[in-house]
Structure formats: C-alpha cells, structure tokens
Amino acid sequence: MGGMSTTTGPRAPQHPGHVEVVCGPMFAGKSEELLRRVRRARFAGLAVEVVSHAVDDRRGAGTVSSHSGLAVPAVAVGDVAALEAHVRGQRATGGLDVVAIDEAQFFGPDLVDAVQRLAGDGLVVLVAGLDVTFEARPFEPLPSLCALAERVTRLTAVCGVCGADAAFHERVVATPSAAGRVEDARSELVGGAESYVARCRHHLAAAPWR
Ligand SMILES: Nc1ncnc2c1ncn2[C@@H]1O[C@H](COP(=O)(O)OP(=O)(O)O)[C@@H](O)[C@H]1O
Ligand SMILES: Cc1cn([C@H]2C[C@H](O)[C@@H](COP(=O)(O)O)O2)c(=O)[nH]c1=O
Ligand SMILES: [Zn+2]
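So, here is what we can say about the structure in this document. Treat the numbers as computed from the prediction; the structure is a model and nothing was measured.

### Brief notes about the overall build of the protein
Move 1: Across its full length, the protein carries four helices and 12 strands.
Move 2: For the protein, the proportion of its 210 residues judged to be buried stands at 45%.
Move 3: Considering only contacts in the protein between residues 6 or more positions apart, those separated by 24 or more positions represent 73%.
Move 4: Surface accessibility of the protein: about 10,900 Å² in total, with carbon and sulfur atoms responsible for 54%.

### Quick word on helix 1 (residues 30–43)
Move 1: For helix 1, spanning 14 residues, the distance from its first C-alpha to its last is 20 Å, which sits close to the expected 20 Å at 1.5 Å a residue.
Move 2: Taken together, the buried positions of helix 1 are occupied by Lys30, Ser31, Glu33, Leu34, Leu35, Arg37, Val38 and Ala41.
Move 3: Phi turns positive, to about 85°, at Gly45, one or two residues after helix 1.

### A short note on the pattern of salt bridges
Move 1: Across all of its chains, the model carries nine salt bridges by this definition.
Move 2: Measuring nitrogen to oxygen at the nearest pair gives 3.1 Å for the salt bridge that ties Arg88 to Glu84. Linking Arg88 with Glu84, this pair stays in helix 2 (residues 80–93), spanning four residues, or about one helical turn.
Move 3: Its salt-bridge partner being Arg88, residue Asp121 comes within 2.7 Å of it at the nearest N-O pair. Pair noted here: Asp121 is in the loop between helix 3 (111–120) and strand 7 (124–130) and Arg88 is in helix 2, with a separation of 33 residues, a long-range link.
Move 4: Owing to a relative accessible area of 41%, Asp121 belongs among the partly exposed residues under this scheme.
Move 5: A cluster of three or more residues bridged by salt bridges with shared partners is formed by Glu20, Glu33, Arg36, Arg37 and Arg151.

### Observations regarding the sheet that holds strand 7
Move 1: Read from one edge of the open sheet, six strands run 5-2-6-7-1-8, paired in parallel fashion. With partners counted over all chains shown, the strands left at the sheet margins are strand 5 (75–77) and strand 8 (151–154), one partner each. When the angles between neighbouring strand axes are averaged without regard to direction, this sheet yields 20°.
Move 2: In this structure, strand 1 (residues 18–24) lies alongside strand 8, joined through four bridges in parallel fashion. Its bridge partner lying in strand 8, Cys23 is registered against Arg154.

### Here's the deal with the side chain of Asp131
Move 1: Of note, Asp131 is situated in the loop between strand 7 and helix 4 (142–148).
Move 2: Owing to a relative accessible area of 10%, Asp131 belongs among the buried residues under this scheme.
Move 3: Looking at Asp131, its side chain comes within polar contact range of the main-chain nitrogen of Gly24, at 3.5 Å.

### Here we look at the packing of aromatic side chains
Move 1: One pass over the full model with this rule turns up one aromatic pair.
Move 2: With a centroid separation of 5.7 Å and 50° between ring planes, the pair formed by Phe168 and Trp209 is classed as tilted. Linking Phe168 in strand 11 (residues 168–171) with Trp209 in the segment after strand 12 (196–199), this pair joins segments that are 41 residues apart in sequence.
Move 3: According to the relative accessible area criterion, Phe168 is buried, its value standing at 10%.
Move 4: In this structure Trp209 comes out as partly exposed when scored by relative accessible area, which is 45%.
Move 5: Here the guanidinium or amino end of Arg171 rests over the ring plane of Phe134, the centre of that ring lying 3.6 Å away.

### As for the site of ligand 2
Move 1: Near ligand 2 there are 20 residues, and of these His67, Glu103, Phe134, Ser187 and Leu189 occur at the shortest range.
Move 2: Within the backbone of Leu189, one N or O atom sits 2.7 Å away from an oxygen atom of ligand 2.
Move 3: For ligand 2, an oxygen atom lies 3.0 Å from a polar atom in the backbone of Gly191.
Move 4: Relative to its free-state accessible area of 480 Å², ligand 2 is covered by the protein chains to the extent of 98%.
Move 5: A molecule is said to occupy a pocket when more than half its atoms come within 2 Å of that pocket's grid points, and by this definition ligand 2 occupies the largest pocket.

### Examining the nonpolar core
Move 1: Ranked by internal contacts, the top residues of the largest apolar core, which has 25 residues, are Val21, Leu83, Ile101, Leu111, Val115, Val125 and Val127.
Move 2: Elements with a contribution of two residues or more to this core: strand 1, helix 2, strand 6 (98–101), helix 3, strand 7 and helix 4.
Move 3: Not counting residues up to four positions away in its chain, the partners in contact with Ile101 are Leu34, Val51, Leu83, Phe107, Leu111, Val115, Val125, Leu126, Val127 and Ala128.
Move 4: The next biggest cluster of nonpolar side chains, apart from the first, holds 15 residues, and it includes Val38, Ala41, Val124 and Leu126.

The rules behind these values
- Residues numbered from 1 in each chain as written.
- Chains lettered and ligands numbered in written order.
- Predicted model: local features only at pLDDT ≥ 70, side-chain atom pairs only at ≥ 80, totals over all residues.
- Heavy atoms only, no water.
- Helix = DSSP H or I, 4+ residues; strand = E, 2+ residues; numbered from the N terminus.
- Buried < 20%, exposed > 50% of the residue type's maximum accessible area, 1.4 Å probe, protein only.
- Contact = heavy atoms within 4.5 Å.
- Areas by Shrake-Rupley, 256 points an atom, 1.4 Å probe, with all protein chains shown as cover.
- Expected span 1.5 Å × (residues − 1).
- Salt bridge = Lys/Arg side-chain N within 4 Å of Asp/Glu carboxyl O.
- Pairing = 2+ DSSP bridges.
- Axes fitted to C-alpha atoms, helices over the stretch in contact; angles between N-to-C directions.
- Polar contact = N/O pair within 3.5 Å; in protein donor to acceptor, adjacent residues only side chain to side chain.
- Phe/Tyr/Trp six-rings, centres within 6.5 Å; stacked < 30°, edge-to-face > 60°.
- Lys NZ or Arg CZ within 6 Å of the ring centre and 35° of its normal.
- Near = heavy atom within 4 Å.
- 1 Å grid on protein atoms, 1.4 Å probe; cavity = no way out; pocket = protein on both sides within 12 Å on 5 of 7 lines; lining within 4 Å.
- Sits in = over half its atoms within 2 Å of the grid points.
- Core = buried A, V, L, I, M, F, W, Y, C linked by side-chain atoms within 4.5 Å.

Fair warning: the whole summary comes from geometry, so function is off the table for now.
Structure below.
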C-alpha cells in the first residue's frame, strides 16, 4: 500500500519557509496586497520585517507605501547583500518569521538566489515588484522569482484610456541618461502618477511586438 501512513495521519509541515510573489504593472495594488499580508501575519503573532530598496525614496526612505496612501515602516537597503545580511541579523537576534520585500525589481537578478536561500532557511518570503518594464518587456528578477515561488499573484491596474484590465504601463516623461540624452532610456526611473500611466494591451502606444 502506498501513500501516507494511516497510523500517524498527515504530518504537519516541518519547514515553514516558502516564497510568495505579488507582481504586475504599476498601480495594480501590489503594495496594498503586500501590506495586507504583512498585517495578517502580524495578526497571527508572527515576527515580520518589511524591507524596500533605498533607491525608491518617493515617500521617504524607511516607508513602504501605496498609491492610495497606506504606509508601514520599513528598512531601506541598497542591494541584495545588505538585504540578506539585515534579514539574517534580525533572525539571529530577535527572531524572524516573515520578510516582506517591496520594489523587488530594483534589486536585480541576485535577489533570486537570496530569496531561495532565505526560504530554505525557514523564512516566509513575500516579494512584491514590477514584472514588466515601461517598454512592455519582462523586468527581472520578478519573472524568475515567479517561476520558483510556491504562490504567485499577478495583479492588473485599470487602463487609463478604456478602464479594462491593464497589464502594462507607459512612461510619460522623457528618460534622461547619465549623459543627459533622452534616447537611451534606462529601465529604472523612480516615479509615480506624474511619470507613468496604466495601459491595457490595446492602448499601449508602442508595444515592442507590433
Ligand atoms: N490606473 C489605476 N488602476 C488601479 N488603481 C489605481 C490606478 N491609479 C491609481 N490607483 C490607486 O492605486 C492603488 C494601488 O496602489 P499600490 O498598492 O501602490 O499599487 P502598486 O504597488 O501595484 O503600484 C489603488 O488602490 C488605487 O487607489
Ligand atoms: C515601469 C517602470 C517603473 N519604474 C519605477 C517607478 C516606481 O518608482 C517603481 C514602481 O513603483 P510601484 O510601487 O510599482 O508603483 O518603479 C522603473 O524604474 N522602471 C520602469 O520601467
Ligand atoms: Zn485600454
């Protein structure tokens, strides 16, 4: 007879560590959803640390906030090494069950293995970030994290032209390069509604596949 033992019954999970990803375009509610999961975990008595990237200082470093005004204190770190060191330090000193990482797109590809390591060590790792660039191209590391997570939630915003589900966004300001030119647009440019708009696929002005 195969399957689970009938004398001991189903076993409780021995290793709580896993990865949950919340992704999508800007204005989709990623930060709201991340903060909802943070609140819920704290309600359950878990120790939660909220982390964001120092480059995104729109509402002041040390805060994760949503476009609708929700906000929680967070630790701002500059790169993946600092993130991992901070989380491991917290775990060693105060105990930590959950780490919530917002604006994950700014951490780059090294975030993927760091997240896997932390989950392997028993942490619940919540990751929120953009999975698509302003040019409608995949925005790493989110696509890779989606492939490796236990739970993936892709949200959409509301298209500013027609009101349909918006899986994309467009940058509505020119992107200056370090040299001051606007033609070599970078993927990274911190901003909000003054710089980006949500768009469905039918109202993307410049889809790269057309
Ligand atoms: N085009 C839009 N579509 C949906 N929500 C929008 C839009 N523009 C502004 N919002 C607001 O943004 C909120 C989501 O903000 P936030 O959680 O910060 O999103 P994200 O983190 O995905 O950018 C919505 O609840 C709504 O109040
Ligand atoms: C599309 C796009 C966005 N960004 C920046 C703009 C904002 O600072 C963040 C996204 O914030 P949100 O919480 O998801 O609204 O990312 C970028 O740097 N590059 C892009 O292509
Ligand atoms: Zn539309």
